Amino acid sequence: MAEAGLFLAYAAIGTMAVAPIYFGSFSSLDRLKSAASKSKTSEKGHFAEFSDSEDEDEESEAVTAEDAYMFPVYGSAALFSMYVIFKYLNKDWVNFLLSGYFALLGVAALTQLGVRVVKGVTGVKLPLYHLNLVHHSKSVFDLRFTNLHLGMMGASMLCTACYVYTKNWAVSNLFGLAFSFSAIILIRLDSFKSGMIMLAGLFVYDIFWVFGTEVMVSVAKNFDAPIKVVFPKNLFPAEGKLAFTMLGLGDIVVPGIFVALCLRFDRQRYLSSIGYAKDKALPRVLNNKHRGFGFPTPYFNACMAAYVAGLATTITVMHTFKAAQPALLYLSPACILAVIVTAVARGEVSAVFSYSEETKKDEDESAESAKEKTKSEDKAPVVHRYNLRNQGPASGAGLMTPASAGELADDEQENVKPPRVLDEKVNPISEISDDGSEEAAAPATPVKGKKGKKSGSKAKAKK
């Protein structure tokens, strides 16, 4: 009976680990937008009307190679700090403060998870409300919500109150799943290189803190907050006290964002094969298809299978030796090797390692810089071209300078035919030139008069 309960716990832990990775990976796919649709939206200048609009995609945080190198350092600092806090301070008060902090995060995470589940199951389309705060023509706060968000927020608050009051393990798992799901959606690796660096670094991190010290296990046992998923080894213990098997959220989120990267790479490969480009419109039916299951996913399937195999290996070793195991010891090599082996088998090694993603934030920054560049070009001074003495641009007289403005005034006095102005605008340089400015501003009038006098004197001589 005890063995059966233990295997049930292992199966439940495995399911709770795989579910947020699988569904979070597909939710991390952006809805495809063409440049035409983006410009059309910007021209309208108003907010989206319904909750399933294309501009509802959430802004994600990109993890670069530099960030990946620092993951083990930051993680070690945070882990050791928590160990010291629990060792020298009252852990009841520490857990009370942490419970309040995670309760606020849990309301947001559960609300978002509930909205996605309801919309995914029912396909409901609700009016979208916007709360926007603008300062100096720039948006500093933008909140978008529907009636469904308000309803799910109320339910999330009830769950949070239940967790804070009872510390029920099932409600704690609900928060853990919501945190994992949201993290996989919001945190994105910008390339496979960054992902492999992160997995390799945390591989060493996990081994050191689990096998080398008691820090990891001690913090996991004392930290009474939804940072892990747990399940009782026996639902009906004879002693009356439940004993749990657990898995940290880091063992779900870290491989999960790498699996999500594989899925986005699969879709990008497929879109490139059908000739999709950002400047071309994509039919809505095809758009929904590419956000779901309508394209081949060899890298995602391989990495997902490797994660399941690595997790099964972790549980088997833990059950055999009756000791805690660092899950990333098995999960990190499994995920990395799955991608490399698949790339070698398909002959796409260079494509895998050259792949990189541009986040929504990067796109916005690129668009903003292009807009600023356009503005600066529009503000550039107008250059008026002249053809002095019928000389071409190659002779060096193509551009009017302060010197050429002075020469123009002298030439008028010598009865030289004035240059032909190709632009009706007056050159600012001619307005601030010395005493020939007035003549340069309107050169045609005095020249015509001189020509008239000259022709008149010639007529008298003939007579």
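Residues numbered from 1 in each chain as written. Predicted model: local features only at pLDDT ≥ 70, side-chain atom pairs only at ≥ 80, totals over all residues. Heavy atoms only, no water.

Going by the annotation in an unreviewed UniProt entry, the name recorded for the protein is Minor histocompatibility antigen H13, with Coemansia pectinata given as the source organism.

Draft legend 1. Seen up close, the overall build of the protein. Secondary structure assignment for the protein yields 18 helices and six strands. Looking at the protein as a whole, 38% of its 463 residues qualify as buried. Residue pairs in contact within the protein that sit at least 24 positions apart in sequence constitute 78% of those at least 6 positions apart. For the protein, the accessible surface area stands at approximately 26700 Å², while carbon and sulfur atoms represent 63% of it. (Helix = DSSP H or I, 4+ residues; strand = E, 2+ residues; numbered from the N terminus. Buried < 20%, exposed > 50% of the residue type's maximum accessible area, 1.4 Å probe, protein only. Contact = heavy atoms within 4.5 Å. Areas by Shrake-Rupley, 256 points an atom, 1.4 Å probe, with all protein chains shown as cover.)

Draft legend 2. Inspection of a nonpolar patch on the surface at higher detail. Taken together, the side chains of Leu131, Leu133, Val140, Phe141 and Leu143 make up a nonpolar region of the molecular surface, amounting to roughly 460 Å² of accessible area. Those elements giving two or more residues to the nonpolar patch turn out to be strand S2 (129-135) and strand S3 (138-145). Considering every element that reaches the nonpolar patch, the biggest residue donor is S3, with three residues. Turning to its location among the elements, Val140 is positioned in strand S3. (Patch = residues over 30% accessible without salt bridge, like charges linked within 9 Å, V, L, I, M, F, W, Y side chains within 5 Å. Salt bridge = Lys/Arg side-chain N within 4 Å of Asp/Glu carboxyl O.)

Draft legend 3. How the structure looks around the packing of aromatic side chains. Applying the stated rule across the entire model yields 23 aromatic pairs. On the numbers, 6.4 Å between centres and 35 degrees between planes, the contact of Phe80 with Trp209 is tilted. Within this pair, whereas Phe80 is found in helix H3 (residues 65-88), its partner Trp209 is found in helix H7 (residues 192-212), the two being separated by 129 residues in sequence. These aromatic residues form a ring-pair network of at least three members: Phe86, Tyr101, Phe102, Tyr163, Phe175, Phe179 and Phe223. (Phe/Tyr/Trp six-rings, centres within 6.5 Å; stacked < 30°, edge-to-face > 60°.)

Draft legend 4. Quick look at unusual backbone geometry. Even without being glycine, Lys167 reaches a positive phi, approximately 55 degrees. Residue placement: Lys167 occurs in the loop between helix H5 (147-166) and helix H6 (169-186). Within the chain, Lys322 stands out as a residue other than glycine whose phi angle is a positive 55 degrees. Positionally, Lys322 belongs in the loop between helix H11 (298-321) and helix H12 (328-346).

Draft legend 5. Local environment of H3. Between its terminal C-alpha atoms H3 stretches 36 Å, which fits the 34 Å expected from 24 residues at 1.5 Å a residue. Taken as a whole, H3 carries its principal kink of about 35 degrees at Phe71; the proline Pro72 stands between one and four residues after it. Where H3 is concerned, the buried positions are Ala65, Ala68, Pro72, Leu79, Met82, Tyr83 and Phe86. (Expected span 1.5 Å × (residues − 1). Bend = angle between axes of the 7 residues up to and from the residue.)

Draft legend 6. Region of interest: the environment of Thr313. Structurally, Thr313 can be placed in helix H11. Along the sequence, Thr313 and Tyr330 sit 17 residues apart, while their C-alpha atoms lie 7.1 Å from each other.

Draft legend 7. Expanded view of the confidence of the model for the protein. Chain-level pLDDT for the protein is 76 on average; 66% of the residues reach the 70-or-more range. Under a pLDDT of 50 for its full length, residues 382-414 has, in the predicted model, 47 contacts with residues more than four places off or in other chains. (pLDDT = per-residue confidence, 0-100.)

Draft legend 8. Expanded view of the pairing of strand S6 (residues 244-248). Side chains of S6 alternate between two faces, with Thr245 and Leu247 buried and Phe244, Met246 and Gly248 left unburied. Here strand S5 (residues 228-232) pairs with S6 via five bridges, running antiparallel. Looking at the pairing, Pro232 lines up with Phe244 of S6. (Pairing = 2+ DSSP bridges.)

Draft legend 9. Structural context of the side chain of Asn173. Its place among the elements puts Asn173 in helix H6. Among all residues touching Asn173, those that are not within four sequence positions of it are Met16, Lys228, Val229 and Val230.

Draft legend 10. Inspection of the pairing of S3 at higher detail. The sheet contact formed by S2 and S3 spans seven bridges and is antiparallel. Note on S3: the bridge partner recorded for Leu133 is Phe141. Hairpin connection, S2 to S3: the antiparallel pair is bridged by two residues, and His136 has positive phi, about 55 degrees.

Draft legend 11. Summary view of the pattern of salt bridges. Taken as a whole and judged by the stated rule, the model has four salt bridges. Ionic pairing is found between Glu357 and Arg264, a salt bridge with its closest N-O pair at 2.7 Å. Of this pair, Glu357 sits in the loop between helix H13 (349-354) and helix H14 (360-378) while Arg264 sits in helix H9 (residues 250-273), and the two are 93 residues apart along the sequence. Residue Glu357 shares its accessibility class with Arg264, and that shared class is buried. The shortest N-O distance in the salt bridge between Asp266 and Arg269 comes to 3.8 Å. Linking Asp266 with Arg269, this pair stays in helix H9, spanning three residues, or about one helical turn. Asp266 gets classed as buried once you look at its relative accessible area, which sits at 0%. Look at the salt bridges and you will find they share partners, linking Asp266, Arg269, Arg346 and Glu348 into a network.

Draft legend 12. Just the environment of Tyr163, in detail. Within the secondary structure, Tyr163 is located in helix H5. Overall, Tyr163 belongs to the buried group, its relative accessible area being 3%. For Tyr163 and Phe175, which are twelve residues apart along the polypeptide, the C-alpha to C-alpha distance reads 9.2 Å. Residue contacts for Tyr163: discarding those within four places in its chain leaves Asn168, Val171, Ser172, Phe175, Asp224, Ala225 and Pro226.

Draft legend 13. Summary view of the nonpolar core. Counting residues in hydrophobic clusters, the biggest one holds 79 residues, and the most contacted among them are Phe192, Phe258 and Val339. Ranked by residue count, the leading element in this core is H9, at eleven residues. Non-local contacts of Val339, meaning those with residues more than four positions away in its chain, are made with Phe192, Met196, Phe258, Cys262, Tyr299, Cys303 and Val352. (Core = buried A, V, L, I, M, F, W, Y, C linked by side-chain atoms within 4.5 Å.)

Draft legend 14. Focus on the packing of H9 against H12. Across the interface, H9 lies against H12 with an axial gap of 9 Å and an inter-helix angle of 15 degrees. Viewed along their axes, H9 and H12 adopt a mutual orientation that is roughly parallel. Crossing angle aside, the handedness with which H9 passes H12 is left-handed. Together, Asp251, Pro255, Phe258, Cys262 and Arg269 of H9 and Leu328, Leu331, Cys335, Ile336, Val339 and Arg346 of H12 make up the contact between the two elements. Residues belonging to the contact of H9 with H12 are distributed by class as follows: eight nonpolar, no polar and three charged. (Axes fitted to C-alpha atoms, helices over the stretch in contact; angles between N-to-C directions. Parallel < 35°, antiparallel > 145°, perpendicular 65-115°, else oblique. Left-handed = near helix turned anticlockwise from the far one by under 90°. Nonpolar A, V, L, I, M, F, W, Y, C, P; charged D, E, K, R; others polar.)

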